[in-house]
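# Coordinate analysis (summary)
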Amino acid sequence: MTSVSLDDFTHLTDIGSSQNSASVLLARDAGGRYLLQIRDNFPVIAAPGMLGLFGGHVERGEDLAECAVREFREETGIVITRAEIEPYVAFVSPSNADLVHFVFKLNRRISPADIVLEEGAGFVFFEPSQFANFPVLEAAKLAINWFEGE
């Protein structure tokens, strides 16, 4: 995979000129359920206790795809390659107007046995119909609901 550009993503919102970017990964299991992280409940963690996609902020000198691969490995222990992901959607965070989420799709199915949780309080595999019953971040809902509508 060559370097990823902004044009490789479907823009769900006007992403403007924000310099703050996060790459996140849309991953599913064999049954098509979505993998979500249960966020840590630490004072420095945004949205503690909420459910969201695995990912994080892009580091200096890192491109969006490198960030997605690195963050997924750091948080789940799962090694993936750039060839296994593809740019999907980009949007301004519903909770932070200075942050743009760049969502990649993982073209490999994940099972609970694959995950060695390195960050976060836990993980779950979720169906979109369950969103109303649990504290799911709006950014995760937006990406998953868009995927479901394709």
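The model shown is predicted, which means the values in this text are computed figures rather than measured ones. Each chain carries its own residue numbering, running from 1 in the written order of its sequence. Where totals are concerned, whole chains, interfaces and linings use all residues; where local detail is concerned, this predicted model gives features only for residues with pLDDT of at least 70, and gives and counts side-chain atom pairs only at 80 or more. Working from all heavy atoms in the structure, the side-chain values ignore hydrogens and water.

## Regarding the nonpolar core
Note that soluble globular proteins tend to have their nonpolar side chains buried in a common cluster. Residues belong to one nonpolar core when they are buried, are Ala, Val, Leu, Ile, Met, Phe, Trp, Tyr or Cys, and are joined through side-chain atoms within 4.5 Å. Summary of the burial criterion: residues with accessible area below 20% of their type's maximum are buried, those above 50% are exposed, and those between are partly exposed, where the area comes from a 1.4 Å probe applied to protein chains only. The biggest cluster of nonpolar side chains holds 24 residues, and the ones touching the most others in it are Leu-25, Phe-72, Ile-80, Ile-85, Phe-104, Leu-106 and Ile-110. Among the secondary structure elements, those contributing two or more residues to this core are strand 2 (20-28), helix 1 (64-76), strand 6 (85-93) and strand 7 (96-109). Counting residues per element, this core draws most heavily on helix 1, at five residues. By size, the runner-up hydrophobic cluster in this structure holds 18 residues, among which are Leu-26, Leu-51, Val-136 and Ile-144. Helix and strand assignments come from DSSP, with helices taken as H or I runs of at least 4 residues and strands as E runs of at least 2, each series counted from the N terminus.

## Remarks on helix 2 (residues 138-149)
Between the first and last C-alpha of helix 2 there are 16 Å, a value that for 12 residues agrees with the 16 Å anticipated at 1.5 Å per step. For helix 2, the full list of buried residues reads Ala-139, Ala-140, Lys-141, Ala-143, Ile-144 and Phe-147. On its buried face, helix 2 is in contact with strand 2, strand 3 (34-38), strand 4 (51-52), strand 6 and strand 7. In this scheme, a helix's expected span is set at 1.5 Å multiplied by one less than its residue total. Here, residues are in contact when the closest pair of their heavy atoms is within 4.5 Å.

## A look at the environment of His-11
Relative to the elements of secondary structure, His-11 occurs in strand 1 (residues 10-11). Accessibility expressed as a relative area gives 35% for His-11, which makes it partly exposed. Sequence-distant contacts of His-11, that is, excluding residues within four places in its chain, are made with Leu-6 and Ala-90. Within the local environment of His-11, its side chain forms a polar contact with the backbone oxygen of Leu-6, the two atoms lying 2.8 Å apart. Here a polar contact is recorded for every N or O atom pair within 3.5 Å, except that within protein the pair must consist of a potential hydrogen donor and a potential acceptor, and residues adjacent in sequence are included only if both atoms are side-chain atoms.

## Here's the deal with the environment of Asp-29
Of note, Asp-29 is situated in the loop between strand 2 and strand 3. The class for Asp-29 is buried, based on a relative accessible area of 5%. C-alpha of Asp-29 to C-alpha of Tyr-88: the two residues are 59 residues apart in sequence and 18 Å apart in space. Sequence-distant contacts of Asp-29, that is, excluding residues within four places in its chain, are made with Arg-109, Ile-110 and Phe-125. Within the structure, Asp-29 has its side chain in polar contact with the backbone nitrogen of Gly-31 (distance 3.0 Å).

## Comments concerning the pattern of salt bridges
One speaks of a salt bridge when a side-chain nitrogen belonging to Lys or Arg is within 4 Å of a carboxyl oxygen belonging to Asp or Glu. All told, the structure shown has 10 salt bridges when counted by the stated rule. Two residues, Arg-33 and Asp-29, come together in a salt bridge whose shortest N-O distance is 2.6 Å. Classification of Arg-33 as partly exposed rests on a relative accessible area of 33%. Between Arg-82 and Glu-66 there is a salt bridge; the shortest N-O distance is 3.9 Å. Within this pair, whereas Arg-82 is found in the loop between helix 1 and strand 6, its partner Glu-66 is found in helix 1, the two being separated by 16 residues in sequence.

## Quick look at helix 1
Helix length check: helix 1, at 13 residues, gives a terminal C-alpha distance of 18 Å against a target of 18 Å (1.5 Å per residue), a fit within 8%. Burial runs high along helix 1: 10 of the 13 residues are buried. Regarding helix 1, the residues found buried are Leu-64, Ala-65, Cys-67, Ala-68, Val-69, Arg-70, Glu-71, Phe-72, Glu-75 and Thr-76. Where helix 1 is buried, its residues touch strand 2, strand 3, strand 5 (54-57), strand 6 and strand 7. Capping the start of helix 1 is the job of one residue whose side-chain oxygen sits 3.1 Å from the backbone nitrogen of Ala-65: Asp-63.

Distances and angles like these do not, on their own, reveal function.
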